[in-house]
Amino acid sequence: MKSTVLGLDLGTNSIGWALMERNEENNPVGIIDCGVRIFQEAVEAKTRTPKNVKRREARAARRLTQRRTMRKRTLKNALIRIELLPDNMEECDTILRNTVEYDPYLLRARGLDEKLTPFELGRALYHMNQRRGFLSNRKSGKKKDEGPVKQSIQYIEKQMEQSGYRTLGEYLFHQEEKRNRRTDSKLSQKQTEILTFTARSMYEKEFDLLWESQRHFYPEQLTDAKKNTIYKIIFFQRPLRIQKHLIGYCRFEPGKHRAAKATLTAQRFRILQDVNNLQIKNPLTREFRPLTEQERSITLRELDKTKKLEWKTLRRKLGIHEGELFNLENGGKPHLPGNSTATTFRGVLKKEWDQFSEKQQEQLVTDILTIDDENGFLNRMKDHWNFSDEIANKLATTELVNGYVALSQKAMKRIIPFLEKGLTYDKACEEVGYNHTDQKSSKGHLEFLDSPPSIPNPVVQKALWEVRKVMNALIRKYGKPALIRIEMAREMKQGKKLRDATNKRNREMETYHKKIKERLQSEMNMQQPTRDDILKYKLWDECGMTCPYTGKPISLSMLFSPEVEIEHIIPYSRSLDDSYMNKTLCLTHENTNVKKNMTPYEAYSHDEKRYREILLRIDKDHMPKMPWPKRKLFEKKEVDTDHFINRQLTDTSYICNEVKEYVKRLGVDVDVTKGGATAGLRMHWNLNTILARQPGETAKERSDHRHHAIDAIVTTLTTRSMFQFLSRIAKSAPYMGGLYDRRFQIPPPYEGFRDDVYCQIQKIVVSHAASRKISGALHEETALGLAGEGKKSGYVELVHRIPLNGNITKNQIEAIRDDHVKAIVKRRLAEFSDDPKKAFADTVFHKDGKTPIHTVRITEEKSMDTLTSVKDKYDMPYKYFALGSNHHVEIFENEETGKRKGIFVSVMEAARRVRIDHTPLFDRSYKEGWRFVMTLMINDMVIVDVDGENRIYRVQKMTGAGAKSEMTLRAHTASTLTYDNERLIKTPNTLQCKKISVDPIGQIRRCND
């Protein structure tokens, strides 16, 4: 019975797919269909941060401003009601703005001892509301508290204590500068600039003293009820939003949230796992042995007493010598992490911590982790736990390890008893009844994919939604496949921290490669060093310029001679591992006659002395640059080819598991493959030439989106039988290199395979995900002041400031509004030969030679249809903002002449139509005699007649505003890496096209004139 295999090539903004037909023997017989889906990446290309970060930060700033304004308005109304401010709004505003007769600092100082008028007291209270001090939250900003904020608060408190000031208001009244004070010569310039932070408790103390002082003069007016009302308005702060819903669920216990890493259960759980996996290596036999019961007991006891246990210390405690290494130490782990939670509490509570019962210890940890409010926490420590003020304050600033483990408290407590017996994690799970190898269920067998799970990684979340669209479209047309095989992009497997580390490592490696290339060019006269040349040099540097097997030195000139070659530590024919970690250097004679197609252990272990010399030679003390995983291969005794094949076919990373488990909901088998073999197979089957721009090019063409479909086709063929076939081929030709060696002959999967691929690729219509929602900036950020009417009809003259730096242009300099400033700037520019970067690298000063010119005001004319205005209370515009991006264009055609006209609709106008006017988003009416043709948005697809040939393009972008707007069209197959000859720039008046609708798998559903 015939069946189908679906191959998916997943990237951060692309999905390549291919559906392959198999015969009764599960051999491929033909490609049913293939395609590509392109969508917008969920993170910024440069910063790799989620695209909604800037919007979220701006929204948070707006909310903060709105809440401050609301608090001021609420307080003012409350003060008017209790007659501490006049009910006449003009008189009230005059008092609040008059800082001479109603100096708030003077009133706050006088009010502690003298009688104030009701309005003076109201002004003082209103002023305290404007800056009410920093309120510490135990669960956020702790490092910030320990930095400039806390330093500023401590500095001011010390000054108040030394000077005898009772309140913050009294202290500030006697300061010449109320903000940005520089009163301590011992503080650095940076430190003095931050002395503007005050604590909320300072204002609360001053409020109580001021109110009680004035109550003696107005006992009937300043009652406790009114005090509570005013106090709540000034000092109320919303608690942090509970984020428990963001905590993931336990993989074994449904409905149970994951436990915090700082819990004692999680600490013990991790320690037991480490100790149960710990082994000691014999330096003579190179064998690993587990810890004895006594060694295990000592290690557990030591880990419970410290935050981290150094390997040297552990060896001393166990009584073993320095040459005996631990397996985790050999793997690069710097130390064994201990019980940081218990150690932290012992540091504060001393012996009292160990006197608590286990239940009390867990409860105290829970209090530390869950109580956010600082005052509430201090009260809990004093009232419930009977701690002293000193201990309570220390615990309030105590930080425990952040994050969560993968399991819940319930699951860990069930597993721990078996870990205590010395079982490893997998065996302990089996004893409990947990299947740790199958951590998620597939939620039954669905006909179509439902909504994907919520994942905090925006890149993967976006990809999952697009997978859903593609999969459901394929099922509707072709039914469910028998097998889904997925190849995952590397960057999708990594979280942000890992991506950042990878990017940093890549940049360092690029610099290293560049230095190698420069040295080879200068010393070896290599005009264009190849990839293999650079690889050979890296391995030479890693090996300390020595052959690992013979110990003979290798000179630079010898390195690039036939005397030295790159070899696979574990033979490629048995491992199919062509990675850098499986490569080293070897003298050609040694590799051909001694090492051959064997592992180092097989080739040299019969001679114990020589084999020991090899292992000592590659030791980290002699070859420190050689990675530990590579050194470990020299000691490998057995090679399981099936194991290596499984590694190629299965990737256990978190993201791969998420994608795999999601598509498994369909009830089909799913494989996740690594991409190592894809590139090699694509090369051997001559598939790179299908999209080649020039004859003879064999490199992968990434400027054409259809390369994702080619990868997906190859992915459908990376089966276990394919890897076994590669293994047999490699064994028959052991002298050959890796999969990229062209002497390594791999026949196509069936006759006519490349022609089949070529025909399918030519039929592809790349599907681009169009975004219909109204999103993006409604207008640009810079406000433009109105300077007058423009010279042209419908234009206005506007003025705004720009920074005076190296990015300023000559046209902007000519547009400087102030003639004196313009003359200074032009003179400075002339001094540096009209080079603005050099001219304005240093500060430019006004005529007085003291006042710096940081920004300049320039004027420019803009059309009214490209602006949105802000009006004053008289309904007159006083400033403008340039409109943001365009949302869509509405194209109309004259019924008599056939001439077309496009009306560009900005995001601002689109939002107004839908959200304010509640009218249709697309306006299909224009003028009499004009008929509506179509609307076009970003990523809409059109057919354009180019030199008599119908070609498919997508709308890439809409630039400009108003009548000067234009569209950029790009070929549907072309990525941003492509050439300009696949790009068209058109205005709607010159655009003659037909709009087409393309579904997620590239099927054209509709074609409109």
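See the structure above.
Since the model is a prediction, treat every value here as computed from it, not as a measurement.

What counts, and where the lines are drawn
Residues numbered from 1 in each chain as written. Predicted model: local features only at pLDDT ≥ 70, side-chain atom pairs only at ≥ 80, totals over all residues. Heavy atoms only, no water. Axes fitted to C-alpha atoms, helices over the stretch in contact; angles between N-to-C directions. Helix = DSSP H or I, 4+ residues; strand = E, 2+ residues; numbered from the N terminus. Parallel < 35°, antiparallel > 145°, perpendicular 65-115°, else oblique. Left-handed = near helix turned anticlockwise from the far one by under 90°. Contact = heavy atoms within 4.5 Å. Buried < 20%, exposed > 50% of the residue type's maximum accessible area, 1.4 Å probe, protein only. Pairing = 2+ DSSP bridges. Expected span 1.5 Å × (residues − 1). Salt bridge = Lys/Arg side-chain N within 4 Å of Asp/Glu carboxyl O.

Points about the packing of helix 17 (residues 374-383) against helix 18 (residues 389-396)
Right, on to step 1. Orientation of helix 17 relative to helix 18, taken along the N-to-C sense of each, is 135 degrees, at an axis distance of 9 Å. As the angle between them shows, helix 17 and helix 18 are arranged oblique. Crossing handedness for the pair helix 17 and helix 18: right-handed. Contacts from F377, L378, M381 and K382 in helix 17 reach D389, A392, N393, L395 and A396 in helix 18.

Thoughts on the environment of S575
Right, on to step 1. Its place among the elements puts S575 in helix 25 (residues 572-575).
Right, on to step 2. Separated by 148 residues in the primary sequence, S575 and F723 place their C-alpha atoms 9.7 Å from one another.

Points about unusual backbone geometry
Right, on to step 1. The phi dihedral of M545 falls on the positive side, at around 60 degrees, and the residue is not glycine.
Right, on to step 2. With respect to the helices, strands and loops of the structure, M545 is situated in the loop between helix 23 (531-542) and helix 24 (556-559).
Right, on to step 3. Of note, the phi angle at D947 is positive, near 55 degrees, even though the residue is not glycine.
Right, on to step 4. Among the structural elements, D947 can be located in the loop between strand 24 (941-946) and strand 25 (949-959).
Right, on to step 5. Classification of D947 as exposed rests on a relative accessible area of 76%.

So, the sheet that holds strand 4 (residues 279-281)
Right, on to step 1. Pairing within the open sheet is antiparallel, and its three strands lie in the order 5-4-7. Each having just a single partner strand, strand 5 (288-290) and strand 7 (325-326) make up the two edges of the open sheet.
Right, on to step 2. Two strands pair when backbone bridges link them, and strand 4 and strand 7 are joined in this way by two bridges, in the antiparallel orientation. When the sheet's bridge partners are listed, K281 is paired in strand 7 with L325.

Regarding the sheet that holds strand 23 (residues 930-936)
Hydrogen bonding along the main chain pairs the strands of a sheet, whether they run parallel or antiparallel.
Right, on to step 1. Pairing within the open sheet is antiparallel, and its three strands lie in the order 22-21-23. Both outer strands of the open sheet, strand 22 (900-906) and strand 23, are each paired with one neighbouring strand and no more. The mean angle between the axes of side-by-side strands here comes to 25 degrees, regardless of whether they run parallel or antiparallel.
Right, on to step 2. Helix-sheet contacts for helix 39 (residues 907-916) involve strand 21 (886-894) and strand 22, and the interaxial angle to strand 22 is about 75 degrees.

Remarks on helix 16 (residues 358-370)
Right, on to step 1. Between its first and last C-alpha atoms helix 16 spans 18 Å; for 13 residues at 1.5 Å apiece the expected length is 18 Å, and the two agree.
Right, on to step 2. Residues of helix 16 that are buried sit in contact with helix 10 (264-277), helix 14 (340-349), helix 15 (352-355), helix 17 and helix 18.

Comments concerning the pattern of salt bridges
Right, on to step 1. Here the structure, examined in full by the defined rule, presents 50 salt bridges.
Right, on to step 2. D940 is the partner of R772 in a salt bridge, and the nearest nitrogen-oxygen pair spans 2.7 Å. With R772 in the loop between strand 13 (767-768) and strand 14 (779-789) and D940 in the loop between strand 23 and strand 24, this residue pair connects regions lying 168 residues apart in the sequence.
Right, on to step 3. Taking the relative accessible area as the measure of exposure, D940 reaches 3% and is therefore buried.
Right, on to step 4. Among the ionic pairs, D940 bridges to K995, the shortest N-O distance being 3.7 Å. With D940 in the loop between strand 23 and strand 24 and K995 in strand 28 (residues 993-998), this pair connects stretches of sequence that are 55 residues apart. Each member of the pair, D940 together with K995, is buried.

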